[in-house]
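# Examining the three-dimensional arrangement
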Amino acid sequence: MPAALHGLLTGLALIVAIGSQNVFVLRQGLRREHVLAVVVVCTLSDVVLISAGAGGLGLLVAGAPQLVQVARWAGAAFLVGYALLAARRALRPTGEALEAEGPAGRRGGTTAVALTALALTWLNPHVYLDTVLLLGSVAATHGSDRWQFALGAIIGSALWFSALGFGARALSGPLASPRAWRVLDALVAVTMVVVAVMLVTGG
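Residues numbered from 1 in each chain as written. Predicted model: local features only at pLDDT ≥ 70, side-chain atom pairs only at ≥ 80, totals over all residues. Heavy atoms only, no water.

Before going further, it helps to spend a moment on the overall build of the protein. Within the protein, the regular secondary structure consists of nine helices and zero strands. Secondary structure elements of the protein, listed N to C terminal, follow the sequence α-α-α-α-α-α-α-α-α. Considering the protein as a whole, with its 203 residues, one finds that 44% of them fall into the buried category. Residue pairs in contact within the protein that sit at least 24 positions apart in sequence constitute 89% of those at least 6 positions apart. (Helix = DSSP H or I, 4+ residues; strand = E, 2+ residues; numbered from the N terminus. Buried < 20%, exposed > 50% of the residue type's maximum accessible area, 1.4 Å probe, protein only. Contact = heavy atoms within 4.5 Å.)

What follows covers helix α1 (residues 3–15). Helix length check: α1, at 13 residues, gives a terminal C-alpha distance of 18 Å against a target of 18 Å (1.5 Å per residue), a fit within 8%. Along α1, the residues that are buried comprise A3, H6, G7, T10, G11, A13, L14 and I15. (Expected span 1.5 Å × (residues − 1).)

It is worth spelling out helix α2 (residues 20–31) at this point. Helix length check: α2, at twelve residues, gives a terminal C-alpha distance of 16 Å against a target of 16 Å (1.5 Å per residue), a fit within 8%. Among the twelve residues of α2, nine are classified as buried, and the element is accordingly described as predominantly covered. Immediately beyond the C-terminal end of α2, within one or two residues, lies R32, with a positive phi of roughly 60 degrees.

We now examine the nonpolar core. L79, F161 and M192 are the most contacted members of the largest nonpolar core, which totals 44 residues. Contributing elements (two or more residues each) for this core: α1, α2, α3 (35–63), α4 (67–91), α5 (110–122), α6 (125–140), α7 (146–166) and α9 (178–201). Ranked by residue count, the leading element in this core is α9, at eight residues. Not counting residues within four places of it along the chain, the set of residues in contact with F161 comprises I15, Q21, N22, V25, V39, C42, T43 and D46. (Core = buried A, V, L, I, M, F, W, Y, C linked by side-chain atoms within 4.5 Å.)

So, on to a nonpolar patch on the surface. A grouping of L36, V40, L44 and F166 is seen on the molecular surface, where their side chains present a nonpolar patch of about 410 Å² in accessible area. Element by element, the count of residues in the nonpolar patch is highest for α3, at three residues. Positionally, L44 belongs in helix α3. Residue L44 is classed as exposed on the basis of its relative accessible area of 51%. (Patch = residues over 30% accessible without salt bridge, like charges linked within 9 Å, V, L, I, M, F, W, Y side chains within 5 Å. Areas by Shrake-Rupley, 256 points an atom, 1.4 Å probe, with all protein chains shown as cover. Salt bridge = Lys/Arg side-chain N within 4 Å of Asp/Glu carboxyl O.)

What follows concerns the environment of L12. Here L12 is to be found in helix α1. With 176 residues separating them in the primary sequence, L12 and V188 have C-alpha atoms 8.4 Å apart. Not counting residues up to four positions away in its chain, the partners in contact with L12 are G156 and W160.

What follows concerns the packing of α1 against α9. Following both chains from N to C, one finds α1 and α9 inclined at 140 degrees, their axes separated by 9 Å at the closest point. Our classification of the angle between α1 and α9 gives oblique. Helix-helix and strand crossings are classified by hand; for α1 and α9 the assignment is left-handed. Contacts between α1 and α9 involve H6, L9, T10, A13 and L14 on the former and, on the latter, V188, T191, M192, V195 and L199. Residues that form the contact of α1 with α9 fall into these classes: seven nonpolar, three polar and no charged. (Axes fitted to C-alpha atoms, helices over the stretch in contact; angles between N-to-C directions. Parallel < 35°, antiparallel > 145°, perpendicular 65-115°, else oblique. Left-handed = near helix turned anticlockwise from the far one by under 90°. Nonpolar A, V, L, I, M, F, W, Y, C, P; charged D, E, K, R; others polar.)

What follows is the structure, encoded as structure tokens:
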């Protein structure tokens, strides 16, 4: 599989899982409030984090080639772990996504909304595990093609946030159903397991 496509699939598998950042982007899209600012902030944040992971861990592995196998198995283990969490959400939904529209409330300014998006991204410890450590580890296994992997992951991030923000109105119906989020989490779990297997087998 081409490194860029591998990066796209891995990035999407991680980012699509529902969380506070995705719920915020969806909420802003449903309200049509500062959607472009939110999408840009979230996407650029991922560009920085994914690049840091691919660059930093990539250089580390380049200096110690024996770490490739460690990165390979560590990345696969993280993916399987996240797959189990997604499967659990599919079997036992929390209902978090159902609150995506939320109360109308007071409209915030662009700066306040952008700062909220930044906080939800950079103050979430999981983002460093996902984008820096996990994606960085998997990117490192691609050697000189790690930047192609990173580019694929970045494209996946941009596509997802754009679709979630600008397509929120069209998605509001389907995403209002608990079953839709259970199916989404199930697909995320399956995708993560498939990517983990490909990572271990070198597929």
